[in-house]
Amino acid sequence: MEKYSESAIRLTAIIETATDGIITIDVNGIIEMANSAAAELFGYSKEEMLGNNIRMLMPSPYAGQHDNYISNYLRTGHAKIIGIGREVTGQRKNGSIFPMRLSISEVNLKDRRLFTGIVHDLTEEKEAEEEIRQLNAELEDRVEARTEELVNAVNKLLDINRQLEREVVDRQKAENALRKNEAEIIKALEAEKELSQLKSRFVSIASHEFRTPLSTILSSADLIEAYTKAEQQEKRLKHTGRIKSSVSNLTAILNDFLSLSKLEEGAVQVELSEFELISFCKSVLEELHGVLKPNQRIVHTHSPENHVILLDKKLLRNILFNLFSNASKYSPDGSAIHCSTKVEHGQLFLEVRDEGIGIPREDQQHLFTRFFRAHNVENIQGTGLGLNIVRRYVELLNGRISFESEEGVGTTFYIQIPLKK
Ligand code: ATP
Ligand code: MG
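J.: I'm lost on the site of ligand 1 in this one. Help?
T.: Close to ligand 1 lie 21 residues, the nearest being Asp-354, Arg-373, Ala-374, Thr-383 and Leu-387. Between an oxygen atom of ligand 1 and a side-chain N or O atom of Tyr-330, the distance comes to 2.8 Å. Contact distances for ligand 1 include 3.0 Å between an oxygen atom and a backbone N or O atom of Gly-384. Isolated, ligand 1 exposes 590 Å² of accessible area, and the fraction of that covered by the protein chains is 96%. Those elements that place two or more of their residues in the shell around ligand 1 are helix H8 (313-329) and helix H10 (386-396). If one sorts the elements of the shell around ligand 1 by residue count, H8 sits on top with 3 residues. Broken down by class, the residue content of the shell around ligand 1 amounts to 10 nonpolar, 7 polar and 4 charged.

J.: Would you mind going over a negative patch on the surface with me for this structure?
T.: There is a patch of like negative charges on the surface, built from Glu-140, Asp-141, Glu-144 and Glu-148. With respect to the helices and strands, the residue Glu-140 is situated in helix H5 (residues 123-226).

J.: Explain the sheet that holds strand S12 (residues 410-418) to me, please; I cannot follow it from the model alone.
T.: Ordered in space as S7-S9-S10-S12-S11, the 5 strands form an open sheet in which the pairing is mixed. Since the sheet does not close on itself, it has two edges, and those belong to strand S7 (297-302) and strand S11 (400-406), each with one partner. Ignoring strand direction, the axes of neighbouring strands in this sheet form an average angle of 15 degrees. With 6 bridges connecting them, S7 and strand S9 (residues 336-344) associate as parallel partners. In the sheet register, Ile-298 faces S9, and the bridge partner there is Ile-337. Sitting on the sheet, helix H7 (residues 277-288) touches S7, S9 and strand S10 (347-354), and the angle it makes with S7 is about 175 degrees. Where H8 meets the sheet, it contacts S7, S9, S10 and S12, and its direction lies at approximately 20 degrees from that of S10.

J.: How do you make sense of the pairing of strand S1 (residues 21-26) when you look at a structure like this?
T.: Side-chain positions along a regular strand alternate between the two faces of the sheet. Most of S1 sits inside the fold, with 6 of its 6 residues counted as buried. Residue alternation in S1 divides its side chains into two sets, Gly-21, Ile-23 and Ile-25 and Ile-22, Thr-24 and Asp-26, and both sets are buried. Where S1 lies against strand S2 (residues 31-34), 3 bridges are found, and the strand directions are antiparallel. Following the sheet pairing, Thr-24 is matched in S2 by Met-33. The turn linking S1 back onto S2 is made up of 4 residues, and Gly-29 within it adopts a positive phi angle of 85 degrees.

J.: Got a minute to help me understand the pairing of S11 in this structure?
T.: Burial along S11 is one-sided: the residues Ile-401, Phe-403 and Ser-405 are buried and none of Arg-400, Ser-402, Glu-404 and Glu-406 is. Direction of pairing for S11 relative to S12: antiparallel, over a ladder of 7 bridges. Bridge pairing in S12 places Ser-402 opposite Tyr-414.

J.: Looking at this structure, how should I read the state of the cysteines?
T.: Should the sulfur atoms of two cysteines be covalently bonded, the bond is a disulfide. Inspection of the entire model under this criterion finds 0 disulfides. No disulfide involves Cys-281; its sulfur sits 5.7 Å from the nearest other cysteine sulfur, which is in Cys-339. Relative accessible area serves as the criterion here: at 3%, Cys-281 is assigned to the buried category. By relative accessible area, which is 3% here, Cys-339 ends up buried.

What counts as what
- Residues numbered from 1 in each chain as written.
- Chains lettered and ligands numbered in written order.
- Predicted model: local features only at pLDDT ≥ 70, side-chain atom pairs only at ≥ 80, totals over all residues.
- Heavy atoms only, no water.
- Near = heavy atom within 4 Å.
- Polar contact = N/O pair within 3.5 Å; in protein donor to acceptor, adjacent residues only side chain to side chain.
- Areas by Shrake-Rupley, 256 points an atom, 1.4 Å probe, with all protein chains shown as cover.
- Helix = DSSP H or I, 4+ residues; strand = E, 2+ residues; numbered from the N terminus.
- Nonpolar A, V, L, I, M, F, W, Y, C, P; charged D, E, K, R; others polar.
- Patch = residues over 30% accessible without salt bridge, like charges linked within 9 Å, V, L, I, M, F, W, Y side chains within 5 Å.
- Salt bridge = Lys/Arg side-chain N within 4 Å of Asp/Glu carboxyl O.
- Lys, Arg positive; Asp, Glu negative; His and termini not counted.
- Charge placed at Lys NZ, Arg CZ, Asp CG, Glu CD.
- Pairing = 2+ DSSP bridges.
- Axes fitted to C-alpha atoms, helices over the stretch in contact; angles between N-to-C directions.
- Contact = heavy atoms within 4.5 Å.
- Buried < 20%, exposed > 50% of the residue type's maximum accessible area, 1.4 Å probe, protein only.
- Disulfide = S-S within 2.5 Å.

Any link to function would need more than the numbers given here.
As structure tokens, then:
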């Protein structure tokens, strides 16, 4: 046995204890040396490996190509692994294949060349890598699944949101309807309350206004009883006259109230009919004669054509009657009341002018308010309802009413009503 140098012994020890496999081959691929780690890695004993071609450790197709590979390299110097190192597959004795990292270096001795390969088993690393890859894939799958779940959840939330929004809108609609209902009820209640206030107000005014004509009637009746002689007929007539005017006074008040409560109840309907304007005015004026004061006269002027108009007779009569009775009531004995009527541009124009007490400027703005009476009326009787009714009748006919007045000079009322063809 040759005597090894000390460094050779040390090297052999290092090779033997290395954890990676170390194998040396010659230019023909014949294994010259293999350490224990290599033997263990490939499942052979060292003896089985030595003297055999390195092919035995490679799976096909590499095994078949290896000889060519070495000769190619020797001829061209062109290497694919030598000095580089790469991942390849090895084959164990039992035929199983495993991944490994192989680094090869070339050893040039004096008379021949050798190749040394260091083999590192990558099985565990590959397994770990695979595990990580699988884990990653699983994770990705899970993330995908979770994302889908999230998307579904978000969609469901959006659906719920939309549903809620719809519900909110519906509820708002219902609430609005309810509120509207409530407002209508309140309005109706207020109208009812106002009507009942109106009625009680009227009762107190009427009872006050009724007292004078009723006591006139009573005292005149008493006096008539006392005038028993035939020659006292004139006195009797005077008192029956007073009784008549008192009764018509009472009737007027009652009519006012009736008109007003009908208006309040919305029970006044416009009833159109055709009639001649001039003859209609004449009949109203005739009716008025009983109301006029001594020596008062009505001067009626009208456009020459006798128009046939389509209007509500009853409402128009009431309007005229109210205006004339005011004109008479608030003017002195012997004064004239001017009335003019004309039809122009499809409209009826009415004008009633008196030479009476007039309406104080500061009272004028309240004139159409019910129960309002100007402060210059003194003891002239009235309830303050007439003009309110007039204005509402005019409005029912889509017309307009206005007036001009100067205290102590007189008052003119103007009415304009559109006519239907
Ligand atoms: P009634 O309900 O009996 O008609 P009234 O005459 O007092 O009572 P309105 O006809 O509504 O009530 O008139 C309201 C008020 O307007 C009157 O009280 C009076 O002060 C004033 N007025 C109306 N017409 C005239 C007029 N032609 N001249 C002066 N004042 C008038
Ligand atoms: Mg009046």
